[in-house]
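Residue-level listing of the chains:
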Amino acid sequence: MTKIDTIIFDLGGVLIDWNPEYVFLKAFDGNREKMQWFLDNVCTMSWNENQDAGYPIAKASEDLIEKFPDYEMYIRMYYGEWESMLNGPIQGTVDILKCLLQSKSYKIVALTNWSAETFPIAQKHFEFLKWFEGIVVSGEEKTRKPYKDIFEITLKRFNIKAETSIFIDDNAKNIEMANTLGINGIQFSTPKQLILDLKNYNITI
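Source: prediction; values computed, not measured. (Residues numbered from 1 in each chain as written. Predicted model: local features only at pLDDT ≥ 70, side-chain atom pairs only at ≥ 80, totals over all residues. Heavy atoms only, no water.)

So, the side chain of Thr 154: which residues are in play, and what are the values?
Mapped onto the elements of the fold, Thr 154 is located in helix H9 (residues 148-157). For Thr 154, a relative accessible area of 1% translates into the label buried. (Helix = DSSP H or I, 4+ residues; strand = E, 2+ residues; numbered from the N terminus. Buried < 20%, exposed > 50% of the residue type's maximum accessible area, 1.4 Å probe, protein only.)

Quick one: what's the story with the nonpolar core, residue by residue and with numbers?
Note on soluble globular proteins: their nonpolar side chains tend to be buried together. In this structure, Phe 9, Leu 11, Leu 15, Phe 24, Leu 129 and Phe 132 are the most contacted members of the largest nonpolar core, which totals 54 residues. Among all residues touching Leu 15, those that are not within four sequence positions of it are Phe 9, Asp 10, Pro 89, Ile 90, Thr 93, Val 94, Leu 97, Phe 128 and Phe 132. (Core = buried A, V, L, I, M, F, W, Y, C linked by side-chain atoms within 4.5 Å. Contact = heavy atoms within 4.5 Å.)

Outline the layout of surface pockets, listing residues and values.
Size it by volume and the largest pocket reaches roughly 510 Å³. For the largest pocket, the lining is made up of 24 residues, of which Gly 12, Trp 18, Met 45, Asp 52 and Asn 113 are closest to its centre. Contributing elements (two or more residues each) for the lining of the largest pocket: helix H3 (45-52) and helix H10 (172-180). If you tally residues by element for the lining of the largest pocket, the top one is H3, at four residues. (1 Å grid on protein atoms, 1.4 Å probe; cavity = no way out; pocket = protein on both sides within 12 Å on 5 of 7 lines; lining within 4 Å. Points joined across faces, edges and corners; volume = space filled by probe spheres on them.)

Let's hear about the sheet that holds strand S4 (residues 107-112): which residues, and what values?
In spatial order, the strands read S5-S4-S1-S6-S7; together these five strands make up an open sheet with parallel pairing. Bordering the open sheet on either side are strand S5 (135-137) and strand S7 (184-187), each of which pairs with just one other strand. The sheet shows a mean angle of 20° between the axes of neighbouring strands, taken without regard to direction. Here helix H6 (residues 91-103) sits on the sheet and contacts strand S1 (6-9) and S4; the angle it forms with S1, its principal contact strand, is near 155°. (Pairing = 2+ DSSP bridges. Axes fitted to C-alpha atoms, helices over the stretch in contact; angles between N-to-C directions.)

Give a description of unusual backbone geometry that names residues and reports values.
Residue Pro 146 follows Lys 145 across a cis peptide bond; omega there is 5°. Mapped onto the secondary structure, Pro 146 falls in the loop between helix H8 (138-141) and H9. For Asp 29, which is not a glycine, the phi torsion comes out positive at approximately 55°. On the secondary structure map, Asp 29 appears in the loop between helix H1 (21-27) and helix H2 (32-41). Given a relative accessible area of 74%, Asp 29 falls into the exposed group. Phi at Asn 202 takes a positive value of approximately 60°, unusual for a residue other than glycine. Looking at where Asn 202 falls in the secondary structure, it is placed in the segment after helix H11 (191-199).

I'd like a description of the packing of aromatic side chains, backed by residues and values.
Evaluated as defined, the whole model comprises 18 aromatic pairs. Taken together, a centroid distance of 4.4 Å and an interplanar angle of 10° make the contact between Phe 28 and Tyr 74 stacked. Of this pair, Phe 28 sits in the loop between H1 and H2 while Tyr 74 sits in helix H5 (residues 72-80); the two residues are 46 residues apart in sequence, bridging distant segments of the chain. In terms of burial, Phe 28 and Tyr 74 fall into one category: buried. Every member of this aromatic cluster is reached through a ring pair, and the members are Phe 24, Phe 28, Trp 37, Phe 38, Trp 47, Tyr 71, Tyr 74, Tyr 78 and Tyr 79. (Phe/Tyr/Trp six-rings, centres within 6.5 Å; stacked < 30°, edge-to-face > 60°.)

Tell me what's going on with the pattern of salt bridges, and back it up with residues and numbers.
Once their charged atoms are close, side chains differing in charge can pair, the charge on each being opposite to the other. Scanning all chains against the criterion turns up 11 salt bridges. With a shortest N-O distance of 3.5 Å, Glu 127 and Lys 130 are connected by a salt bridge. Of the residues examined, Lys 130 reaches a relative accessible area of 60% and is grouped as exposed. Residue Glu 141 pairs with Arg 157 through a salt bridge whose shortest N-O separation is 2.8 Å. On the criterion of sequence distance, the pair formed by Glu 141 in helix H8 and Arg 157 in helix H9 is long-range, its members being 16 residues apart. For Glu 141, a relative accessible area of 21% corresponds to the partly exposed category. For Arg 157, a relative accessible area of 44% puts it in the partly exposed group. (Salt bridge = Lys/Arg side-chain N within 4 Å of Asp/Glu carboxyl O.)

Don't take any of this as a statement about function, it's just geometry.
Quick look at the structure:
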């Protein structure tokens, strides 16, 4: 087995618990059905991903209000209360990150789909974001996962060999692209499972 020398972490859903439901379940008075319709049809994940790829938040909000004027209050709430969508760190994964750093055996970087406009808010909240050798933020690169180019940017920027690296992400499509490029992908589910998955690469936590 090839010896791993680099580990690339996704952030949201792996190290940071981010979810629009933390804002909108309350906004819709606990009515999960109404909240889900709104997130499935108005402020969708694909709409959010456009901002992750660099589309301006103010313009994105106005575009959507023009399309769904009856939901203006809720649309403005998406980024107006975005900070409240951050529920804190996924502590088990943060502990794994700390252990890997303390081993001094790996280059540790991050690759995240995140709006360049909101990422500074996350940096204010999470001290561990300073621990990485570097972070590739999709909004700053004007592209996003699972597109090939953002993976290639990451490999080149940090002088990473695909075959000696591991990429950890909760999104199956992102893992598929990583694997296509020769990067060893681990689809994250829980910190406990991640420890087991890392053992398959002779990495003990």
